[in-house]
Amino acid sequence: MDLSLRGFPLVRVFTTMQNFFQILVSGISVGMIYGVIAFGYQLTFATSKTLNFGQGEALTLGALVGLTVVNFLIGMKLGTFAAYLLALPLVFAFGLAQGSVVEWLGVRQAMKTKSEAGWIMATIALGIIFKNLAENIWGKDPLKFPSPLSENPLTIMGVNIRPMEIAIVLGALAMMLAVELFNRRSIYGKAVVATSNDRDAAGLMGINTSLVITFSYALSSLSAALAGVLVAPITLTGASMGAALGLKAFAVAIIGGLSSGMGVVVGGLILGITESLTGFYIDTGYKDVPGLILLLLVLSLKPAGLFGKAAIKKV
Amino acid sequence: MLKVQNLVAGYGKVKVLHAVSIHVPKGQLVTLIGSNGAGKTTTLRAISGMIKPESGEILLNGTNIAGMPSHEITRLGMAHSPEGRRVFPTLPVTDNLLLGAFPRLTGARPKGDVDTDLNRMFELFPRLKERKDQLAGTLSGGEQQMLAMARALMLQPEVLLLDEPSMGLAPRLVEEVFATIARLKTAKITMLLVEQFAAAALDVADFGYVLENGRLAGSGPAEKLKNDPAVRAAYLGASH
Ligand SMILES: Nc1ncnc2c1ncn2[C@@H]1O[C@H](COP(=O)(O)OP(=O)(O)OP(=O)(O)O)[C@@H](O)[C@H]1O
Ligand SMILES: [Mg+2]
């Protein structure tokens, strides 16, 4: 490195490439979490043009249900890893059920009466109820989620990577890939795509489109619950863990586009990485700023706005 | 087979149909003619459950289907190729066709041989075969029209509703569509056809109804309607 540049701020930024890669790693794992939650927003937006604004609370509940099941299984003398694996199907089932409830109580009625604001208010309200529920069952204090994988980082070329961070990336990708395969290969998945394309025409094919919308809400909450149990072991678990994540993932969904599958991964990574870069090189206090600036930029550069045609009609 | 009695339907507070009655006997081709805005599309929509009728009966093989959601009506064997094609733009041609057979593939109707039917559609519409992996949204208007028809046929329907299958097509393709309809008729498929080309529709149909401002203004064997001076003056003059 050119020594004459010492003291120039940019040089400080890249003092060590290792530092930079270290930041990148944590940015990527957080970004993938945002991506999975945002993917959940996409799922319901595709079929119903509505979103679950309680997505963050779906994540919270998924993580807390997972925590209880994992602790119970550990109490049954199971290893942490085995307990975690066994808990996953239960967490998924819980997510599916929770999402269905949100759709029944919050969305179906509002869509019937064609109320624009109805589903927004209803899903926010349900989110608050779920959060209160979580506080009453699990308390307000953050809890420790037993890590299924070793908490000792692997050192790869001087960069420390926690095994759980790798699991997050793989888990997130597996989830999206599974949904993509389902949509492409199975007739039921095609029915979901058809409903997204043209609900009335899908009904004419004999597809129960109300059920498809319920299903997309169920799957959306499942994604959030998965994000919850993926992120819980590397952070603190508690009733308020989902709020900020849900909001940031919403920004990611807007940035990445509510309709393009890969957009949320890219958007999530952009946000996750800028956040951890800001947190490290500037100040953790400003960590949330770049994401919000990014969000504002995207919103102003896409005058059609959040639900604009450009976001919907892209093939 | 399909019997519509005193059907009243519309959109919200706007009533479009006032007591319309139509009978489509098994194996016959019945056509519904009328000027723009007469309520032809609305009639088909009410029959297939895309809109809820206000009152009246719609009997499909004796079952009253009035007010049922469209997916249940489809599962009873009614296919509807809607106005404006409504193909699924982000799905390939083949997937569009398979979705036409959705009730068969999911156990809601007898399965039969879906693959053979798929190939039959490709024989009937060779242009779809050449484009079977292409996204439906990238097809030309005429190709989309063929796809909409083929997709409806994939149900192996007991009754087929066709809403302006020739809309927006070049004259040569219009002829082709009518040739296809004639072929379906030979195959004894029960059809209710709405067409802008009233003369051509009456040529191929067994029976016809004339709709005017949401009310039936006449009906009769197609042959007879075609020679009816009033019908000729109102509907057949301009279309040829
Ligand atoms: N979605 C709708 N909302 C409100 N009114 C509608 C709607 N669709 C149709 N109409 C009205 O219902 C009446 C009948 O329309 P319909 O589409 O049934 O006519 P049509 O006979 O099919 O005409 P065309 O030959 O032009 O297709 C028209 O006055 C139309 O304006
Ligand atoms: Mg019409």
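Predicted model, so just to flag it, every value in this text is computed and none were measured.

On to the coordination of the magnesium ion (ligand 2). The coordination sphere of the magnesium ion (ligand 2), as far as protein atoms go, consists of B:Thr41 (OG1) and B:Glu83 (OE), spread over 1.9 to 2.1 Å. One end of the pair, B:Thr41, is in helix α1 (residues 40-48); the other, B:Glu83, is in the loop between β6 (78-81) and α3 (93-100), and 42 residues separate them in sequence.

For the structure shown, the criterion picks out 18 salt bridges over all chains. A salt bridge links A:Arg108 to A:Glu103; its shortest N-O distance comes to 3.3 Å. The closest approach of N and O atoms between B:Asp206 and B:Lys185, which form a salt bridge, is 3.3 Å. One end of the pair, B:Asp206, is in the loop between α9 (198-204) and β9 (207-212); the other, B:Lys185, is in helix α8 (residues 171-186), and 21 residues separate them in sequence. Judged by relative accessible area, B:Lys185 falls into the partly exposed class, the value being 24%. Within this structure, A:Asp198, A:Asp200 and B:Arg86 form a network of salt bridges that share partners.

Detailed reading of the predicted model is not advised wherever pLDDT is low. Residues and elements named next belong to chain A. Here chain A averages 88 in pLDDT, and 90% of its residues register 70 or above. The element-level mean pLDDT for chain A is lowest in helix α13 (residues 309-313), coming to 40, with helix α8 (residues 199-204) highest at 98. Note on residues 1-5: pLDDT under 50 across the span, and 3 contacts to partners over four residues away in sequence or across chains. For the stretch residues 303-315, pLDDT sits under 50, and the model shows 20 contacts to residues farther than four places along the chain or on other chains.

Time to look at the side chain of A:Ser29. All names here are of chain A. Within the secondary structure layout, Ser29 lies in helix α2 (residues 17-48). For Ser29, a relative accessible area of 2% corresponds to the buried category. For Ser29, the side chain forms a polar contact with the main-chain oxygen of Ser26, separated by 3.1 Å. If near-sequence neighbours (up to four positions away) are discounted, Ser29 is found in contact with Glu165 and Ile168.

Residue and element names in this part refer to chain B. Contacts to ligand 1 come from 13 residues, most closely from Gly37, Lys40, Thr41, Thr42 and Glu83. Here an oxygen atom of ligand 1 and a backbone polar atom of Ala38 are 3.2 Å apart. The contact in question runs from an oxygen atom of ligand 1 to an N or O atom on the side chain of Glu164, over 3.5 Å. Notes on ligand 1: free accessible area 640 Å², of which the protein chains cover 61%. The residue inventory of the shell around ligand 1, partitioned by class, reads 3 nonpolar, 6 polar and 4 charged.

So, on to helix α3 (residues 55-75) of chain A. All names here are of chain A. With 21 residues, α3 should reach 30 Å at 1.5 Å per residue; the first-to-last C-alpha distance of 30 Å fits that figure. Of all 21 residues in α3, 16 are buried; the element is thus mostly enclosed. Following α3 by one or two positions, Lys77 adopts a phi angle in the positive range, close to 75 degrees.

This brings us to a nonpolar patch on the surface. Where nonpolar side chains cluster on the molecular surface, the patch consists of A:Ile282, A:Tyr286, A:Val289, A:Ile293, A:Leu297 and A:Leu301 and spans about 620 Å² of accessible area. You can see A:Tyr286 is positioned in the loop between α11 (261-281) and α12 (289-301).

Paired through their backbone hydrogen bonds, the strands of a sheet run either parallel or antiparallel. All names here are of chain B. Strands sit in the order β2-β1-β4-β5 across an open sheet of 4 strands; the sheet is antiparallel. Strands with a single pairing partner mark the edges of an open sheet, and in this sheet they are β2 (14-24) and β5 (63-64). As judged from the 5 bridges shared by strand β1 (residues 2-11) and strand β4 (residues 55-60), these two strands associate in the antiparallel manner. By the bridge assignment, Lys3 is partnered in β4 with Leu59. α1 contacts β1, β2 and β4 of the sheet and is inclined by roughly 110 degrees relative to β1.

About the criteria used
Residues numbered from 1 in each chain as written. Chains lettered and ligands numbered in written order. Predicted model: local features only at pLDDT ≥ 70, side-chain atom pairs only at ≥ 80, totals over all residues. Heavy atoms only, no water. Donors = N, O, S within 2.8 Å, 3.2 Å for Na, K, Ca; no water. Helix = DSSP H or I, 4+ residues; strand = E, 2+ residues; numbered from the N terminus. Salt bridge = Lys/Arg side-chain N within 4 Å of Asp/Glu carboxyl O. Buried < 20%, exposed > 50% of the residue type's maximum accessible area, 1.4 Å probe, protein only. pLDDT = per-residue confidence, 0-100. Contact = heavy atoms within 4.5 Å. Polar contact = N/O pair within 3.5 Å; in protein donor to acceptor, adjacent residues only side chain to side chain. Near = heavy atom within 4 Å. Areas by Shrake-Rupley, 256 points an atom, 1.4 Å probe, with all protein chains shown as cover. Nonpolar A, V, L, I, M, F, W, Y, C, P; charged D, E, K, R; others polar. Expected span 1.5 Å × (residues − 1). Patch = residues over 30% accessible without salt bridge, like charges linked within 9 Å, V, L, I, M, F, W, Y side chains within 5 Å. Pairing = 2+ DSSP bridges. Axes fitted to C-alpha atoms, helices over the stretch in contact; angles between N-to-C directions.

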